[in-house]
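The primary structure of each chain is shown beneath.
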Amino acid sequence: MIEIKKNVYWVGVKDWSLRQFHGHELSTHRGSTYNSYLIKDEKTVLVDTVWDPYKEEFAERLEKEVGLQNIDMIVINHIEPDHGGSLGYIMSKIPNTPIYCTKNGADIIKRHFHQDWNFNIVKTGDSVKIGEYELIFVEMQMLHWPDSLLTYVKGPNVALSNDAFGQHYSPASLFNDEVDTCELYQEAIKYYANILTPFSPLIKKKVEQIKALNLPIEMIAPSHGVIWRENPMQIVEKYYEWSQDYNEGTVVIVYDTMYKATKKMAEAIGEGLAKHNVMFKMYDNSITDQSDLLTELFKAKGMIIGSCTVNNTVLRSIAGLLDEIKGHKFKNKIGAAFGSYGWSGEAAKVISKHLEEAGIKVAAEPIQFRYVPTDEELLQCVEFGESFAKALGE
Ligand code: FEO
């Protein structure tokens, strides 16, 4: 147990070695943490649990430090298994303990554990006195599940925000002022880009609502990564910025290629962007970490996507990427497509169509050449890059 504020303790787990999360969907190069918290007042309150592979060590630690029978209530801010996974094990030891959660939370807990425990449903503005301190609840629906909840501990003024404001990051220290800021922000924006982007319009409204509540937030303690102790509102302000069609003006060129003809086109398009001093990043999608790439696409103003044609469509890595782009519901970005082909030549058109369907404004007709591009055709790719650079400014 680590005391993070008077009588508020971190009782989570550091998962240094985690490299994939959400099954195999999300890369976690710097591990993660499952932050659970314990508040010791007249009542002893456990807020969230940890992922179930750690349930026994978690329960043993709670037993040793506080005694499971002494836990008076459990708040479940979010039941996704990385936080709620150990709830079944804990409840098997203390089955009558009241659980505080949202209506959606109770529904989803029942769908996970098939048990009808002592649920106490809370909604935004509800509060519970636990002694000197008071818990105030703020629903965080779709940030990022229907059940998501923030628990504000009035007294020490700590916001236990669950996934919101978290990062998949497991440094030695628990606090933002004691870690590498570049690493911290890289992981925070990667978390937002990969998990929260589709919900950006809701996040903007939620941040406005949190600010309007005027709670004197002295610390934000999420359920992954470090706790925002120094200037905690900095991450709330960042979320506000990220939730509003965010971009840093960069361009991502991403392609897949069989015999490097499409690669040559990519490099020539890059030359065209460079002529106009556009900062671009180039990726061969077949060997690129998709979570890192989605982070770069989130930061980009433009995306230029290429594939050669196979079986009348795109290469499989590009097919997957196009689906991801659609699912992320990026806003205020422009795109274009390119690729080499042998005879039928569908790939660039398929990409262009998918970009349009994903809400990306297509800035140019797709460019494609048969087999290996000639020097003259590569010059046309340079010009394609140049006209894309101009479209960025429009
Ligand atoms: Fe960290 Fe939505 O679970």
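Residues numbered from 1 in each chain as written. Predicted model: local features only at pLDDT ≥ 70, side-chain atom pairs only at ≥ 80, totals over all residues. Heavy atoms only, no water.

Right, let's get into the overall build of the chain. On a plain count of helices and strands, the chain comes out with 12 helices and 22 strands. Across its three principal directions, the C-alpha atoms of the chain cover 80 × 40 × 35 Å. Across the 394 residues of the chain, 58% fall into the buried class. Within the chain, counting contacts between residues at least 6 apart in sequence, those at least 24 apart form 71% of the total. (Helix = DSSP H or I, 4+ residues; strand = E, 2+ residues; numbered from the N terminus. Buried < 20%, exposed > 50% of the residue type's maximum accessible area, 1.4 Å probe, protein only. Contact = heavy atoms within 4.5 Å.)

Another aspect to go through is the environment of isoleucine 217. Along the polypeptide, isoleucine 217 turns up in the loop between helix 6 (200-213) and strand 16 (219-222). By relative accessible area, which is 16% here, isoleucine 217 ends up buried. Separated by 63 residues in the primary sequence, isoleucine 217 and lysine 154 have C-alpha atoms spaced 9.0 Å apart. Filtering out sequence-adjacent residues up to four positions away, isoleucine 217 remains in contact with Tyr152, Asn157, Ala159, Ile210, Pro232 and Met233.

Moving on, we get to the sheet that holds strand 10 (residues 99-101). The mixed open sheet is built from seven strands, whose spatial order is 1-2-7-8-9-10-11. Looking at strand neighbours, the two that pair on one side only are strand 1 (2-5) and strand 11 (119-121), the edges of this open sheet. If you compare each strand with its neighbour and ignore which way they point, the axes differ by 30 degrees on average. Pairing of strand 2 (residues 8-10) with strand 7 (residues 37-40) involves three bridges; the strand directions are antiparallel. Within the sheet, the bridge partner assigned to tyrosine 9 lies in strand 7 and is leucine 38. (Pairing = 2+ DSSP bridges. Axes fitted to C-alpha atoms, helices over the stretch in contact; angles between N-to-C directions.)

Okay, the domain arrangement of the chain next. You can read the domains of the chain as domain 1 (2-242) and domain 2 (251-392). Placing a centre on the C-alpha atoms of domain 1 and another on those of domain 2 gives a separation of 39 Å. Carbon and sulfur atoms supply 54% of the area that domain 1 and domain 2 bury against each other, a total of about 1100 Å² over both sides. Scanning the region where domain 1 abuts domain 2 turns up one salt bridge. A salt bridge links lysine 190 to aspartate 292; the shortest N-O distance between them is 3.0 Å. In this structure, the connection of domain 1 to domain 2 is made through nine residue pairs in polar contact (both at pLDDT 80 or more). Take the side of domain 1 that touches domain 2: its biggest share by element is six residues, from helix 5 (residues 181-196). (Domains from an automatic or database assignment. Buried area = accessible area lost by both parts, 1.4 Å probe. Salt bridge = Lys/Arg side-chain N within 4 Å of Asp/Glu carboxyl O. Polar contact = N/O pair within 3.5 Å; in protein donor to acceptor, adjacent residues only side chain to side chain.)

This next bit is on the packing of aromatic side chains. How two aromatic rings sit relative to each other is set out by the distance from centre to centre and by the angle between their planes. Counted under the stated rule, the structure contains 10 aromatic pairs. Seen in terms of ring centroids, tyrosine 246 and phenylalanine 298 are 5.5 Å apart; in terms of plane orientation they differ by 25 degrees. Their pairing is stacked. You can see tyrosine 246 sitting in the loop between helix 7 (233-242) and strand 17 (250-256) and its partner phenylalanine 298 sitting in helix 9 (residues 290-299), a full 52 residues away along the chain. A network of ring pairs unites the aromatic residues Phe165, Tyr192, Tyr239, Trp242, Tyr246 and Phe298 as a single cluster. Positioned above the aromatic ring of tyrosine 9, the side-chain terminus of lysine 40 is 5.3 Å from the ring centre. Its guanidinium or amino end placed over the ring of tyrosine 240, lysine 211 lies 4.6 Å from that ring's centre, counting from NZ or CZ. (Phe/Tyr/Trp six-rings, centres within 6.5 Å; stacked < 30°, edge-to-face > 60°. Lys NZ or Arg CZ within 6 Å of the ring centre and 35° of its normal.)

Let's shift gears to the pattern of salt bridges. Tallied over the entire structure, the rule returns 18 salt bridges. Taking the shortest distance from any N to any O, the salt bridge between glutamate 218 and lysine 5 comes out at 2.4 Å. One end of the pair, glutamate 218, is in the loop between helix 6 and strand 16; the other, lysine 5, is in strand 1, with 213 residues separating them in the sequence. A cluster of three or more residues bridged by salt bridges with shared partners is formed by Arg30, Glu183 and Glu187.

Moving on to helix 6. Between its first and last C-alpha, helix 6 extends 20 Å over 14 residues, near the 20 Å set by a 1.5 Å rise per residue. Considering only its buried residues, helix 6 is in contact with strand 13 (134-139), helix 5 and helix 7. Asparagine 214 lies just past helix 6 and shows a positive phi near 55 degrees. (Expected span 1.5 Å × (residues − 1).)

Let us now look at the pairing of strand 18 (residues 280-284). Here strand 17 runs beside strand 18; their pairing, made up of five bridges, is parallel. Paired with tyrosine 255 across the strands is aspartate 284, a residue of strand 18.

Let us look at the sheet that holds strand 12 (residues 127-129). One open sheet holds the five strands; their spatial order is 12-13-14-15-16, and the pairing between them is mixed. Strand pairing shows two members of the sheet lacking a second neighbour, strand 12 and strand 16, which therefore form its edges. Looking at each pair of strands side by side, their axes are set apart by 20 degrees on average, direction ignored.

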